[in-house]
Amino acid sequence: MSVETQKETLGFQTEVKQLLHLMIHSLYSNKEIFLRELISNASDAVDKLRFEALSRPELLEGGAELKIRVSFDKDAKTVTLEDNGIGMSREDAITHLGTIAKSGTADFMKHLSGDQKKDSHLIGQFGVGFYSAFIVADKVDVFSRRAGAAASEGVHWSSKGEGDFEVATVEKAERGTRIVLHLKSGEDEFADGWRLRNIIKKYSDHIALPIELPKEVAAVEGEEQPAVEWETVNRASALWTRPRTEIKDEEYQEFYKHVGHDFENPLSWSHNKVEGKLEYSSLLYVPARAPFDLYQREAPKGLKLYVQRVFVMDQAESFLPLYLRFIKGVVDSNDLSLNVSREILQKDPIIDSMKSALTKRVLDMLEKLAKNEPEQYKSFWKNFGQVMKEGPAEDFANKEKIAGLLRFASTSGNEGEQVVGLAEYLARAKEGQDKIYYLTGETYAQVKNSPHLEVFRKKGIEVLLLTDRIDEWLMSYLSDFDGKSFVDVARGDLDLGNLDSEEDKKAAEEVAKSKEGLVERLKTALGDSVAEVRVSHRLTDSPAILAIGEQDLGMQMRQILEASGQKVPESKPIFEFNPAHPLIEKLDNEQSDERFGDLSHILFDQAALAAGDSLKDPAAYVRRLNKLLVELSV
Ligand code: ADP
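Residues numbered from 1 in each chain as written. Predicted model: local features only at pLDDT ≥ 70, side-chain atom pairs only at ≥ 80, totals over all residues. Heavy atoms only, no water.

**Quick notes on the sheet that holds strand β19 (residues 484-488)**
Strands sit in the order β15-β17-β16-β19-β18 across an open sheet of five strands; the sheet is mixed. Either end of the sheet is taken by a strand with one partner, and the two such strands are β15 (409-410) and β18 (480-481). Relative to strand β17 (residues 464-466), strand β16 (residues 435-440) runs parallel, the two sharing three bridges. Each residue of the ladder has a partner; that of L439, found in β17, is L465. (Pairing = 2+ DSSP bridges. Helix = DSSP H or I, 4+ residues; strand = E, 2+ residues; numbered from the N terminus.)

**What to know about the side chain of S282**
Looking at where S282 falls in the secondary structure, it is placed in strand β11 (residues 280-286). Residue class for S282 comes out buried when judged on its relative accessible area of 1%. Setting aside residues no more than four positions away along its own chain, S282 makes contact with S270, H271, N272, V330, V331 and L358. (Buried < 20%, exposed > 50% of the residue type's maximum accessible area, 1.4 Å probe, protein only. Contact = heavy atoms within 4.5 Å.)

**Some thoughts on the site of the ligand**
As a structural note, the neighbourhood of the ligand is formed by N41, A42, A45, D83, M88, H96, L97, G129, F130, T177 and H261. In the environment of the ligand, a nitrogen atom lies 2.9 Å from a nitrogen or oxygen atom belonging to the side chain of D83. If the ligand stood free it would expose 530 Å²; the protein chains cover 78% of that surface. Among the elements that take part in the shell around the ligand, helix α2 (residues 33-55) stands out by supplying three residues, more than any other. Broken down by class, the residue content of the shell around the ligand amounts to five nonpolar, five polar and one charged. (Near = heavy atom within 4 Å. Polar contact = N/O pair within 3.5 Å; in protein donor to acceptor, adjacent residues only side chain to side chain. Areas by Shrake-Rupley, 256 points an atom, 1.4 Å probe, with all protein chains shown as cover. Nonpolar A, V, L, I, M, F, W, Y, C, P; charged D, E, K, R; others polar.)

**Comments concerning the pairing of strand β5 (residues 154-159)**
For β5, a buried count of six out of six residues is recorded, marking the element as mostly surrounded by other parts of the structure. The alternating pattern of β5 places G154, H156 and S158 on one face and V155, W157 and S159 on the opposite face, and all of these are buried. With five bridges connecting them, strand β4 (residues 137-145) and β5 associate as antiparallel partners. Bridge pairing links D141 to S158 in β5. Where β5 meets strand β6 (residues 164-170), six bridges bridge the pair, whose relative direction is antiparallel. Residue G154 lies in a different strand from β6, and its bridge partner there is V170. In this antiparallel pair of consecutive strands, β5 and β6, the connection spans four residues, and G161 shows a positive phi of 75 degrees.

Written out as structure tokens, the structure reads:
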């Protein structure tokens, strides 16, 4: 045992303690994955070394044969993993193995319910990593030394996976990391060559560097124990370099868990090799579930970049637009230089053309998923729909394609579930319908019952119901789909085009003419609360409605802008009334100007309430209404 100096005991960050507790209790039925997680880390550490050694070959310290070794000791009940990768310094070990650096972690932990079944799903979203060692071990020793550091600068990190860990400075001759798992009682099954070999084959065959196990050599009696011989148990070639036809689904899935730091299988993937002017391979995955930090600005995103099979960087963000930030995978280029940097990536024209090709690949993959596996696509939309809605604004070139992937709730009864695509909407549109109708609002309940829908209900025309905060903003970027323009049914003077017959139109004109007097009276009564007063074509049941001016901001956009502290130009609504409604008839016959005024204001305020808006002067509304109620009861 080497000498340990500067020994200290440190507490885990609170979130680590919570994660450890959760993991130990929720993953016991899937224990063997600890090996996959530790091998995944070792492989990343070797990738990092290989990359850094390109500019600093001395880091290899003469030993360029990069590998991972897994061994075991049946008597001591230990499993040991050793890599000759980049290694950790004392400070690295304290931060990397004592804290979780992901932003939003504390928030995420607050969402844990304490119900182990539910939480074990959440842990998948979070990623388990190094701490999974504690599923099978009641003590973990990590010996590590950073490549290039002196042998005396090794670190020994040790913990029982409870509240704290110890660190000490030790001698370590070889660079890299050795992890010793002291198996819990009852877990000795893992101290077994056959078992370890099977787990490695199952989960880590795709790891591009050799994973070695000691060869089982039968001891010959009377002879000295032979030196350990090692044999490689995995395929040890980069998965994406192999032909598609030779790769099994399980291999793609396990590889995803490694690059995606995910626990669950992906929903879909697309593996391609491009040859010609540019040469690269890509393997892109759609995760099954949104990571907990999808909306965190600093959350990791982007692909793993390789250049001629050498790992260059994680989270290369320049290969996909932001609205596809949830896509995981690798891209391996033959054209880029090995010393490419993030700054260069941002400017390189090669990257631009790769980005547009990869974006198309993702959109194609999603189209295929939507077409062939609608249930899977539904689940995709639930997880990532909100992010996809950022697409039309960010990616003008693919607007139509993205629009085709959007899903909405609609009046065709899906209880607010976003499942209707635009192609499906148009396929069942009414004869003569050349528009895509939609209504935006705060909640599904509010829009579903909006008076704006009355005429559509009467005529049996489907209307898309948009209630996500981002929707109005999204629609400001979408003007048409498949040659049909979008129409906000709460906006402007509704023109149903061919959906109204000539007779309908003529009749409407006549009614409008006969009500010119009422329009004028209402204009006087409502004064500057309204931009305009007119006879409505869209109402069957309600007396009145407020429409938004063609160019005015809708309520959602107004609220978003106001919340961000921007000055929003004032805009007034258009008051439309239903000439056939008994209340309007009553109003038309009202002789007293005072009564007429009160009733018009009540109708105006009610229309605002029905649209989900708040009243400018609620007390005045109540006063007027009560006055009428009193008069009614005498
Ligand atoms: P993640 O791999 O998702 O970052 P982990 O908890 O698995 O999270 O690991 C935390 C960090 O510890 C890694 O990011 C890495 O910096 C460091 N680490 C873990 N294992 C090794 C290893 N074998 N060699 C070098 N560093 C390692």
